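# Architecture at a glance
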Amino acid sequence: MKSLAAYGAPAMPALVVVGFFVWFANWIPQTRWQPPQKLAITVGMTPAELAVQGETLVRQRGCMTCHTVEPGAGIKGAGRGPNLAEVASRRASGVQGGPGTLVEYLVQSLYEPGAYVVDGYSNIMPASTAAPAKLGYEEVVAVVAYLQSLGARPSVKIGDVPRPSGAPAAPAVAAAAIADPRTLFDSLGCAGCHSLEAGKKVLGPSLDVDGLGHTAAARKMSVEAFLVESIVDPKAYEAKDYPPGVMPQDYGARLNAAQLKSLVDYLAGRKS
Ligand code: HEC
Ligand code: HEC
């Protein structure tokens, strides 16, 4: 377990305007669409105001690919990750494991999801500061405030939460377990159903970079968020003209976070 101080001392920026669309546009330079409402997170915001922004971020940045918010359903909701409704009251009632205080627990869940893996789940959650969510510091605070609001009163403000340490949190997986992405693509059977060449259909659509970019843009997602969704939760979006339910539904359980990230980075960045 890491203490909060291990993540670096909190600093106090004067005014921070977080332009979600600026980030998003960088991922989809070839497509134009109307930006979603711009999120402005400022230092003076109350915890309740931050929680409102945090809720939007959780919906926009792909968290709901794996999580659900189903009040009353208990930890096991319908998603591949824990049901986040009441996460705060659940921790308050004394769940074992992970850092003691709620804020420390939530911060670690976001920065280093592999450091403590909730019982009954696999280690597939990517660090929230890395792709696809890429939360900036102020966004992390807003998301923590929102998560606190699920079963408790939000209390954090900008500066109360440690900043992520400089290097992106390394997934808690031995380097040897992170196979080269091309090897993963073949050994997981992806290559049997997908070509990487534009326009070449096998059983599933070709996974060329431009095609993925267009499909992702049509879904109003970054390419990386779309890839995570397609691999972990193929039912969320089924490509037209292809047989539904053919793509295996269990990659979310078979891949660890490092393997998922390696595969997503490879497919998102490959030159066609
Ligand atoms: C690829 C699937 C996936 C994505 C995307 C994902 N998570 Fe998770 N998350 C999980 C899984 C699985 C767990 C349980 C295992 C663990 O603790 O790492 C988890 C655990 C958590 C927990 C601890 C929950 C508890 O009940 O103790 C929180 C909080 C959380 N995630 C928040 C988020 C937020 C916020 C995002 C978006 C920035 C996100 N997750 C994105 C899969 C995901
Ligand atoms: C048995 C065949 C099969 C295997 C194996 C398979 N897929 Fe798929 N995949 C499909 C089919 C069919 C679709 C289209 C229907 C759908 O969207 O579910 C698809 C859709 C996708 C999409 C969305 C593409 C788009 O343009 O809509 C992605 C991304 C993807 N797969 C990646 C992968 C990766 C990565 C692997 C390996 C980890 C994999 N698939 C393994 C059959 C497969």
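Keep in mind that what you see is a predicted model, and the values were worked out from it rather than measured.

## Some thoughts on the overall build of the protein chain
In terms of regular secondary structure, the protein chain is built from 11 helices and 0 strands. When the helices and strands of the protein chain are read in sequence order from the N terminus, they spell out α-α-α-α-α-α-α-α-α-α-α. Looking at the protein chain as a whole, 39% of its 272 residues qualify as buried. The long-range fraction of contacts in the protein chain, counting pairs at least 24 apart against all pairs at least 6 apart in sequence, stands at 63%.

## Description of the site of ligand 1
Lining the immediate surroundings of ligand 1 are 28 residues, of which Cys63, Cys66, Gly81, Tyr121 and Met125 lie closest. Secondary structure elements with two or more residues in the shell around ligand 1: helix H4 (102–111), helix H5 (137–149) and helix H9 (223–232). The greatest single-element share of the shell around ligand 1, amounting to 3 residues, is contributed by H4. Its residues placed into classes, the shell around ligand 1 shows 19 nonpolar, 7 polar and 2 charged.

## With respect to the site of ligand 2
Around ligand 2, a shell composed of 26 residues is seen, among which Cys190, Cys193, Gly204, Ser230 and Met247 lie nearest. Listed by contribution, the elements that provide at least two residues to the shell around ligand 2 are helix H7 (190–193), helix H8 (209–218) and H9. Tallied by class, residues from the shell around ligand 2 come to 19 nonpolar, 6 polar and 1 charged.

## Remarks on the nonpolar core
For soluble globular proteins, nonpolar side chains are generally found buried alongside one another. In this structure, Val141, Val143, Val144 and Leu147 are the most contacted members of the largest nonpolar core, which totals 33 residues. Listed by contribution, the elements that provide at least two residues to this core are helix H2 (47–60), helix H3 (87–92), H4 and H5. At 9 residues, H5 tops the list of elements feeding residues into this core. In this structure, leucine 147 is in contact with Leu84, Val87, Ala88 and Leu106, ignoring residues within four places of it in sequence. Core analysis: the second largest hydrophobic core is formed by 24 residues, Met125, Ile231, Ala257 and Leu267 among them.

## Thoughts on the packing of H2 against H5
For any two helices packed against each other, one specifies the inter-axial angle together with the distance between the axes. The contact between H2 and H5 brings their axes to 6 Å, and the two run at 100°. In terms of orientation, H2 lies roughly perpendicular with respect to H5. Across the interface between the two elements, Pro47, Leu50, Ala51, Gln53, Gly54, Glu55, Leu57 and Val58 from H2 touch Glu139, Val141, Ala142, Val143, Ala145, Tyr146 and Ser149 from H5. Class assignment of the residues belonging to the contact of H2 with H5 gives a composition of 10 nonpolar, 3 polar and 2 charged.

## Brief notes about the packing of H4 against H5
Where H4 meets H5, the closest approach of the two axes is 10 Å, and the angle between their N-to-C directions is 125°. Compared by their axis directions, H4 and H5 come out oblique. Along this stretch, H4 crosses H5, giving a crossing that reads as right-handed. Here H4 contributes Leu102, Val103, Leu106, Val107 and Leu110 to the contact with H5, which in turn contributes Val140, Val143, Val144, Leu147 and Gln148.

## Description of helix H11 (residues 257–269)
Each turn of an α-helix holds 3.6 residues, which means side chains three or four residues apart point in the same direction. The first and last C-alpha atoms of H11 sit 18 Å apart over 13 residues, in line with the 18 Å expected at 1.5 Å per residue. In terms of burial, H11 is largely enclosed, as 10 of its 13 residues are buried. For H11, the complete set of buried residues consists of Ala257, Ala258, Gln259, Leu260, Lys261, Ser262, Leu263, Val264, Leu267 and Ala268. Considering only its buried residues, H11 is in contact with helix H6 (181–187), H8 and H9.

## Let's talk about H9
With respect to burial, H9 is a largely interior element, 10 of its 10 residues being buried. Within the sequence span of H9, burial applies to Val223, Glu224, Ala225, Phe226, Leu227, Val228, Glu229, Ser230, Ile231 and Val232.

## Describing unusual backbone geometry
For lysine 134, which is not a glycine, the phi torsion comes out positive at approximately 50°. Among the secondary structure elements, lysine 134 is positioned in the loop between H4 and H5.

## Notes on the environment of glycine 213
Looking at the element boundaries, glycine 213 is found in helix H8. The class for glycine 213 is buried, based on 20 C-beta atoms found within 10 Å. Considered as a pair, glycine 213 and alanine 268 are 55 residues apart in the sequence and their alpha carbons are 8.3 Å apart.

The rules we used
- Residues numbered from 1 in each chain as written.
- Chains lettered and ligands numbered in written order.
- Predicted model: local features only at pLDDT ≥ 70, side-chain atom pairs only at ≥ 80, totals over all residues.
- Helix = DSSP H or I, 4+ residues; strand = E, 2+ residues; numbered from the N terminus.
- Buried ≥ 20, exposed ≤ 12 C-beta atoms within 10 Å, placed from the backbone.
- Contact = placed C-beta atoms within 7 Å.
- Near = placed C-beta within 6 Å.
- Nonpolar A, V, L, I, M, F, W, Y, C, P; charged D, E, K, R; others polar.
- Core = buried A, V, L, I, M, F, W, Y, C linked by C-beta atoms within 7 Å.
- Axes fitted to C-alpha atoms, helices over the stretch in contact; angles between N-to-C directions.
- Parallel < 35°, antiparallel > 145°, perpendicular 65-115°, else oblique.
- Left-handed = near helix turned anticlockwise from the far one by under 90°.
- Expected span 1.5 Å × (residues − 1).

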